[in-house]
Amino acid sequence: GGDSSKARKRLERTPLSVERTKGSEILFGIAPCSLALSRARRDLFRLFLKQSSGSRRLVMSEFVLQATARGVPVHHVNRRELDALCRGQVHQGVCLEASPLRFKSLEEAEKPDLGDEESPNRQLIWLVLEQIQDPMNLGALLRSAYFLGVDRVVTSQRNSCPLTPTVSKASSGAMEVFDVYSTDDLRSFLKAKSAEGWEVVGTVSKPEDVENVPVISCLEFRWNKPVIIVIGSEGDGLSLETELLCHRMLAIPPGRALHPGIESLNVSVATGILLHSICSQKLRHGD
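My aim in this report is to walk through the structure given alongside it, one point at a time. Fair warning: this is a prediction, and the values are worked out from it, not measured in the lab. (Residues numbered from 1 in each chain as written. Predicted model: local features only at pLDDT ≥ 70, side-chain atom pairs only at ≥ 80, totals over all residues. Heavy atoms only, no water.)

**Some points on the sheet that holds strand β8 (residues 180-183)**
Turning to step 1, where the next piece is worked out: Overall, parallel pairing links the 8 strands, which are arranged β5-β8-β7-β6-β11-β9-β12-β10 in an open sheet. In this open sheet, the two edge strands, each paired with only one partner strand, are β5 (104-105) and β10 (215-217).
Turning to step 2, where the next piece is worked out: In terms of strand pairing, β5 meets β8 through 2 bridges, oriented parallel. Along β8, the bridge assignment pairs Ser 105 with Ser 182.
Turning to step 3, where the next piece is worked out: The strands that helix α7 (residues 135-148) touches are β6 (125-129), β7 (152-156) and β8; relative to β6, the one it contacts most, it runs at about 175°. (Pairing = 2+ DSSP bridges. Helix = DSSP H or I, 4+ residues; strand = E, 2+ residues; numbered from the N terminus. Contact = heavy atoms within 4.5 Å. Axes fitted to C-alpha atoms, helices over the stretch in contact; angles between N-to-C directions.)

Listed below in C-alpha cells is the structure:
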C-alpha cells in the first residue's frame, strides 16, 4: 500500500510529463483560473497549484474546493513546474488546463438580451475594436469595458489578437465572464448599425489628421441614442474606410503643450478615459 501511494504522489508531482489534452491551453493567474472554474464556459481538464503556506493557503484551498465541485483533477506542483507550464508568465501559484475561448459570431449577437426587450429606450453602448494586436492592450480594453458598463465588444477578425490566456490575465479575468464578438466585415456591420439608427463614433489622437468627419472633445460629446465607439489599432489608429463611416470623431484634450513624439496615449488608457466620459452620462440619463 505504502509503495503505491508513494508512486501516486510521485506521479502527481510530475504533471509535465503528462501529455497535454489536444487543443487545450494553459490559463494562469488567480482571477482567470477562478472565474474559468466558476463560469463553465470552457472545458476544464486539470488544475495545477503551488504548494502554499501562509495567506495563500486559504486561496489554494478555495481552488481545491472549486475544482472538486467541477470534477477537475488537482495536481500540487512546485514553482518551477508552474513556470514551465505557462512559459514564465506571472501565474500567482495557479495554472488551469482548459479549452480555448473563441469569439462569438455576430449572428449569435443579434438575439436581443432580455434587458433590451424590457427597456427598448435604454442607452446602449458597444465598443468596436479594429485590429487591436497586443494581447495586453486587448485584455486591458476588455477589463475597462466590463467595469464601465459597455454592453457589447466586437472586434474585427482580420489582424486582431485572439482570446489567449495572456489576454485573460491582462483583463483580470473579465474575458472569462464577458462575451467578445467578432466580424469579418467590419464596414458592413457599421453601415448596418447606422441604418438601424445607431451613432457611430470614431476616436483620434491627433484631430488635425482628420479631414472628412467632425472632431469634438470627448468632454463635449452628448448622446441620446445607441452608440458604437470604434477604436483603431495601436500603430495606425482607424483605417480611412472605417473613419469615413463615423458620424463624429472624439479626441481627448491634453492637459499641457505636448513634446513631439509623446503626443498620444496608450490605446487601452485612451479607451478607458473615453468610455468613462461616455458611460457616466449613461448613469445620469439612462434607465
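**Concerning helix α10 (residues 186-195)**
In an α-helix, one full turn covers 3.6 residues, which means residues spaced three or four apart are oriented alike.
Turning to step 1, where the next piece is worked out: Every buried residue of α10 is listed here: Leu 186, Phe 189, Leu 190 and Lys 193. Along the axis of α10, the buried residues cluster in a sector spanning 95°; they form a single face. Turned more than 90 degrees away from the buried face of α10, the exposed residues are Lys 191 and Ala 195.
Turning to step 2, where the next piece is worked out: Two residues or fewer after α10 comes Gly 197, characterised by a positive phi angle close to 100°. (Buried < 20%, exposed > 50% of the residue type's maximum accessible area, 1.4 Å probe, protein only. Arc of directions from axis to C-beta.)

**Examining the sheet that holds strand β1 (residues 25-28)**
Turning to step 1, where the next piece is worked out: The strand order across the open sheet built from 4 strands is β1-β4-β2-β3, with neighbouring strands paired in mixed fashion. The open sheet has two edge strands, β1 and β3 (74-77), and neither has a second partner. Between one strand axis and the next, the sheet turns through 25° on average, direction left out of account.
Turning to step 2, where the next piece is worked out: When strand β2 (residues 44-50) meets β3, the two strands line up parallel, connected through 4 bridges. Bridge pairing in β3 places Leu 47 opposite Val 74.
Turning to step 3, where the next piece is worked out: In this fold helix α2 (residues 30-39) packs onto β1, β2 and β4 (94-98), with an angle of close to 45° to the strand it touches most, β4.

Interpretation note: all reported values are geometric properties and have no functional meaning in isolation.
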